[in-house]
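Spelled out from the first residue to the last, the chains are:
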Number of protein chains: 2
Amino acid sequence: MVSADNGSARSPRAGAAAKAPAITREALAAAGLAVLRREGLDALSMRKVAAELGVRAASLYYHVQDKEQLLDLLADSVVWDARKLATTGDWEHCLREAAHAYYRHLHANRDAARLMAGRRTPGPNLLYVLDVMLSRLHQAGFSDAVAARATLTISTYVQGYVLQEQVPKAPHREPDAASELSAACRTTTAAQYPNIMSLIAVKKSGDTKELFSFGVERLIDGLRAQLPGGPEN
Amino acid sequence: MVSADNGSARSPRAGAAAKAPAITREALAAAGLAVLRREGLDALSMRKVAAELGVRAASLYYHVQDKEQLLDLLADSVVWDARKLATTGDWEHCLREAAHAYYRHLHANRDAARLMAGRRTPGPNLLYVLDVMLSRLHQAGFSDAVAARATLTISTYVQGYVLQEQVPKAPHREPDAASELSAACRTTTAAQYPNIMSLIAVKKSGDTKELFSFGVERLIDGLRAQLPGGPEN
DNA sequence: AGTGGGAACCTAACGGCGTTAGGCAGCCGT
DNA sequence: ACGGCTGCCTAACGCCGTTAGGTTCCCACT
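Peer 1: Could you clarify how one ought to interpret the confidence of the model for chain A in this entry?
Peer 2: Caution is warranted with low-pLDDT regions, since their predicted coordinates should not be read in detail. Per-chain confidence: chain A averages 86 in pLDDT, with 83% of residues scoring 70 or above. Ignoring residues within four places in sequence, the model shows residues 2-16 of chain A, a span with pLDDT below 50, making 16 contacts including any to other chains.

Peer 1: What's the story with the pattern of salt bridges in this structure? I'm lost.
Peer 2: Residue and element names in this part refer to chain A. Inspection of the entire model under this criterion finds 26 salt bridges over all chains. A salt bridge links Arg119 to Asp72, with the nearest nitrogen and oxygen atoms 3.0 Å apart. Here Arg119 is found in the loop between helix H6 (112-117) and helix H7 (124-139), whereas its partner Asp72 is found in helix H4 (residues 67-79), with 47 residues between them in sequence. By relative accessible area, which is 10% here, Arg119 ends up buried. The closest approach of N and O atoms between Arg96 and Glu217, which form a salt bridge, is 2.7 Å. One end of the pair, Arg96, is in helix H5 (residues 91-108); the other, Glu217, is in helix H11 (residues 208-224), and 121 residues separate them in sequence. A single network of salt bridges, built from pairs that share partners, joins Arg38, Glu39, Lys48 and Glu52.

Peer 1: Quick question: what am I supposed to make of the environment of Leu137 of chain B here?
Peer 2: Residues and elements named next belong to chain B. Tracing the chain through its elements places Leu137 in helix H6 (residues 124-139). Take Leu137: its relative accessible area is 2%, and that puts it in the buried class. Excluding its chain neighbours within four sequence positions, the residues that come into contact with Leu137 are Trp91, Leu95, Phe142, Ala147, Ala150 and Thr151.

Peer 1: Just to check I follow, could you spell out the relation of the copies chain B and chain A for this structure?
Peer 2: The transform that puts chain B on chain A rotates by 180° and translates by 0.0 Å along the axis, for an RMSD of 0.1 Å. Both chain copies can therefore be described as sitting about a two-fold axis. Using C-alpha coordinates, one finds that chain B approaches the rotation axis most closely at Gly160 of chain B, a distance of 1.9 Å. A symmetric contact is evident, with 100% of the interface residues of chain B recurring at the interface of chain A.

Peer 1: What exactly am I supposed to notice about the protein's contact with DNA strand D here?
Peer 2: Lining the immediate surroundings of DNA strand D are 25 residues, of which Arg47, Tyr61 and Asp66 of chain A together with Ser59 and His63 of chain B lie closest. Between a phosphate oxygen of DNA strand D and a main-chain N or O atom of Met46 of chain A, the distance comes to 2.8 Å. Here Ser59 of chain B contributes a side-chain N or O atom positioned 2.5 Å from a phosphate oxygen of DNA strand D. Ranked by residue count, the leading element in the surface near DNA strand D is helix H2 (residues 46-52) of chain A, at three residues.

Peer 1: What is the right way to read H7 of chain A from this model?
Peer 2: Note: α-helices contain 3.6 residues per turn, so residues at a spacing of three or four share the same orientation. Residue and element names in this part refer to chain A. Under the 1.5 Å per step criterion, the end-to-end length of H7 is 22 Å for 16 residues, consistent within 8% with the ideal 22 Å. Looking at H7, one finds that the buried residues are Asn125, Leu126, Leu127, Val129, Leu130, Asp131, Val132, Met133, Leu134, Arg136 and Leu137. Following H7 by one or two positions, Gly141 has its phi on the positive side, about 115°.

Peer 1: Explain the protein's contact with DNA strand C here, please?
Peer 2: Among the 24 residues in the neighbourhood of DNA strand C, the closest are listed as Ser59 and Tyr62 of chain A together with Arg47, Tyr61 and Asp66 of chain B. Within 4 Å of the protein, the atoms of DNA strand C are drawn from sugar and phosphate moieties in a proportion of 68%. The separation between a phosphate oxygen of DNA strand C and a polar main-chain atom of Arg56 of chain A is 3.0 Å. Measuring from a phosphate oxygen of DNA strand C, one finds a side-chain N or O atom of Tyr61 of chain B at 2.7 Å. Elements with a minimum of two residues in the surface near DNA strand C: helix H3 (57-60) of chain A together with helix H2 (46-52) of chain B. A total of three residues in the surface near DNA strand C trace back to one element, the largest contributor, which is H2 of chain B. Of the residues assigned to the surface near DNA strand C, the class counts are 13 nonpolar, four polar and seven charged.

Definitions and limits used
Residues numbered from 1 in each chain as written. Chains lettered and ligands numbered in written order. Predicted model: local features only at pLDDT ≥ 70, side-chain atom pairs only at ≥ 80, totals over all residues. Heavy atoms only, no water. pLDDT = per-residue confidence, 0-100. Contact = heavy atoms within 4.5 Å. Salt bridge = Lys/Arg side-chain N within 4 Å of Asp/Glu carboxyl O. Helix = DSSP H or I, 4+ residues; strand = E, 2+ residues; numbered from the N terminus. Buried < 20%, exposed > 50% of the residue type's maximum accessible area, 1.4 Å probe, protein only. Least-squares fit on C-alpha atoms with pLDDT ≥ 70 in both. Near = heavy atom within 4 Å. Polar contact = N/O pair within 3.5 Å; in protein donor to acceptor, adjacent residues only side chain to side chain. Expected span 1.5 Å × (residues − 1). Nonpolar A, V, L, I, M, F, W, Y, C, P; charged D, E, K, R; others polar.

Encoded structure:
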C-alpha cells in the first residue's frame, strides 16, 4: 500500500534483523489510515496511531522522524492505487480518466484532500501519476510548456475540488437548536445573496461527481484549443 | 476588516455598554491575522492571539465560542477586500478579474488557503463575491445550471491553486545537510520520473501568476463554448 | 559459550495546547 | 445604595508532540 522503495528510510543492516519488527512502515501507514477513517484528520494523534498497533506513542519515533513524516506516509498511501491508469485512447480520454481516478481515490479516504493540502512535497506515487499524464500529453502533440501547465492545472483542480467536498465533520452538537439556528441563518443568506440559492441547489443535487466532471470537461475543452495542429491521437 | 453585520454574535445590550471592551471582534480578527502572518497557521494558538491583545487565552472565549469560530472570523477577514470587484465589461473580463482578485487576496495572506480549507461554510464575504459573479454570468446569457457550476468551478480552482502555492514553511533546519540530502533525492526523482523536471521548471519559473492565469484562461475558454448563442454582451 | 552491540520496544516527563470553572472589578439602571 | 451584567482574570483539566533514558532480546563474533 506504500511506495516500494523506502529510499532513505532507516533500515536494519541488509539481511540481518536483530529483532522481528512488529511495526513496519506499511503497518504504520495502515494503522494511520484506519484512525483517519474512523476519527478524521483533526483527531489523528501519534498516541492513537500507536494504540492502533498495540504500542505506545514514543515507539513510533523509531520508525518515523516526525508526525509530519507520518502524514507524508499516509498521503502517499492514499494515492497508491491511482498508479494504475489508462494510457490507451486519445489524450482527452487519458486525462479524463486520470482526473477521475485521482478524484475517486481522494474521495474514498476521509479528509484525504486536507491531508494532501498540508504536505510540502507531492510524494512518489503522485509524482508517478503526474509523470505519466505528462508524457501522454506530450505524445499527443502538446508543447512542453502547455503539457506541464495542463498537468499541474488538472491536479490542482482535482485536489481543490475534493477539498471543498470533504468538509470536516464535527462530532455533532444538539440537532434541534442547531437546525433552528441554521434555518434562520439560511433565510438571512437567501435575502442578502439572492443568487446563492442556485449554488446550494447544485451542491445539494446529490451527484457530487457531476459538478466535478463539469470542471474537468471545461478544462479539457480549453486545453483542446492549445493543440498546435488540429486534434490528433 | 471584518463583516459589517456581526449577526448572531453576542453583543452588549444596544446602547448600553457596561465596560469599555478592550477587545472587539475586529481587533480579534486583526490580532489573529498578525499572528498568522508572523508565525503561520500551525503555530496560531488561542494563547498567542490573546497575547497579541495583551490578554490571557481564556478571555477570548467571551467573544468567540471556539477556536474554529475564530478561524472562521479570520477566513472571512481575508476575503474582505475581495468584495470590490468589477461588473463592467464582458463576462470574461469580470470572471477573470474576480478570479485574479480572489487569488491576490489569498496569496497576500500567509497560509490563507489552508485556513479556508478547514472551514465548514464559505462565510458572508465569499458568499457575496460568489453572488456577484453568479449574477454577472447569468446576465451574460448562461443558464442557471451552467452559471452555478462555472462559479463553483472557478472558486474551487483558485483555492486549490493557492493551496498548492502556499506550501507550509518549516521553522528551518540545518541548511547544509538538508540541501545535500534534497539534492540526492532530486537526482533520484529525475531518474525515476523523467518528465517531472518540466513541471519543476514551470513551478520554478518565478512568476507564479502565470501558471494560475493558464488555468483561468483554459476554464474561460471552456466556458465560452457553453454559451447558448454566440458570445454576447 | 560468552559477550558486545544494536534493534525495537518501554516508562516518565516536559512544555504547550484548547477549553472550562469560578472569581473579581467596575459600570449600569433603578 | 445596590443588584446585575460585562469583561477580564487565575487555576486547572486532559490531551497533544516530542525527548531522555532505560530494558529486553536476538544476532554476530571471538
